[in-house]
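Understanding the architecture of this molecule
Spelled out from the first residue to the last, the chains are:
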Amino acid sequence: MRSRGIVVAVSVIVAAVVCALGPGGGVARAALPVSYNFLGGIPSELAHPGGSLPGSNDFTCRPSAAHPNPVVLVHGTGGAQQTNWGTYVPLLKNEGYCVYALTYGTIDGLPFPFTAIGGMAPMQDSAAELGRFISRVLDATGAQKVDIVGHSQGTVIPDYYAKYLGGQDKIDKYVSLAPLWNGTTLAGTDLILPIARQLGVPADGFPICNACGQFDAASPFMTKLRDGGIYLPNITYTNISTRYDELVVPYTSGQQPGGANVHNIVVQDGCPVDYTEHAGLAGSRRGAYFVLNALDPAHPRPVPCDRAAPITGSAF
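Only a predicted model underlies this, so the values are computations on that prediction, with no experimental measurement involved.

1. A word on the sheet that holds strand 6 (residues 262-266)
- Within the open sheet, the 6 strands sit side by side as 2-1-3-4-5-6. Their pairing is parallel. Sheet topology places strand 2 (99-102) and strand 6 at the edges, where each strand pairs with a single neighbour. Taking each pair of neighbouring strands and ignoring which way they run, the sheet shows an average axis angle of 15°.
- Sheet topology places strand 3 (residues 146-151) next to strand 4 (residues 171-177); 5 bridges connect them, and they run parallel. Bridging across to strand 4, Val-146 finds its partner in Ile-171.
- Against the sheet, helix 4 (residues 123-141) contacts strand 1 (71-74), strand 2 and strand 3, and its axis sits at roughly 155° relative to strand 2.
- Running at roughly 150° to strand 4, helix 5 (residues 157-164) makes contact with strand 1, strand 3, strand 4 and strand 5 (236-241) of the sheet.

2. Examining the nonpolar core
- Val-72, Ile-134, Val-146, Ile-148, Val-156, Ile-157 and Ile-171 are the most contacted members of the largest nonpolar core, which has 40 residues in total.
- Mapped onto this core, the elements with two or more residues apiece are strand 1, strand 2, helix 4, strand 3, helix 5, strand 4 and helix 7 (220-226).
- Per element, the largest residue contribution to this core is 7 residues, and it comes from helix 4.
- Setting aside residues no more than four positions away along its own chain, Ile-134 makes contact with Val-72, Val-146, Ile-148 and Tyr-161.
- Counting residues in each nonpolar core, the second largest holds 28 residues, with Leu-92, Ala-101, Val-267 and Ala-294 among its members.

3. Topic: the environment of Leu-32
- With respect to the helices, strands and loops of the structure, Leu-32 is situated in the loop between helix 1 (2-21) and helix 2 (42-47).
- With 60 residues separating them in the primary sequence, Leu-32 and Leu-92 have C-alpha atoms 9.8 Å apart.
- For Leu-32, the contacting residues outside a window of four places in its chain are Pro-54, Gly-55, Pro-90, Lys-93 and Asn-94.

Quick notes on the rules
- Residues numbered from 1 in each chain as written.
- Predicted model: local features only at pLDDT ≥ 70, side-chain atom pairs only at ≥ 80, totals over all residues.
- Heavy atoms only, no water.
- Pairing = 2+ DSSP bridges.
- Helix = DSSP H or I, 4+ residues; strand = E, 2+ residues; numbered from the N terminus.
- Axes fitted to C-alpha atoms, helices over the stretch in contact; angles between N-to-C directions.
- Contact = heavy atoms within 4.5 Å.
- Core = buried A, V, L, I, M, F, W, Y, C linked by side-chain atoms within 4.5 Å.
- Buried < 20%, exposed > 50% of the residue type's maximum accessible area, 1.4 Å probe, protein only.

Keep in mind these values describe shape, not function.
See the structure below:
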């Protein structure tokens, strides 16, 4: 009887370990609190400037058979690895992914809080910075490819990396929140940029935010990005947009057609009470479930429809 009890105890322990590791072993699932709120990562940045959200940037993480690709989160203009991803880091870690996030394109030499304001550099430079980070992730995890989840500016610089900096064979699934493949007329760029051109200011020469002028559809960066087509055949793209996007204007800039490897989603389709705009799209539960299904299409789940607020994306 005693030996049988020992066998049962050992079996329970082994089962618990296997459950924690997930199918095929590897990364342990977490039980982190998930706040569907775009602003949810700000307290962590205030408490630990330049740090990583719990569940992210564990370079000892080993991907499981269920989720063999590490997920790299690429923030938007003015964002950072903590402030942009308060919803997505715990959500994806809880699902059993190895999750990584970087802060790119900061202005050198400035103190906090400016260290948490990324996406300021020319986008081709930020794409190179992203490429170095992805190489580090692949080297650490032993994975062959990563999956990308980007927001705003973070939706276009991975494409530049893929097309021009050797990244096309290192990205598998590419999920974009509020993408702008055709640039934007946001914040008066349709008025400011012609004046800047007359003054001889290059698109990537705007003071402080070098990237901002590059959002012009006619900028050399956006022109080069679209040259030969936006999409690459060996990458699966999912574009998730909102009709209420006040920064990507028109929002259809992110809904460019493609082949069978391109999937376009507008969150208000089938859910007219979703009022998320540009920022809130990266915090909404509806957007998050579209992302989960894009990353794991073999196991789709119903996408909720919440009465979701602007800015935060939280239900109200």
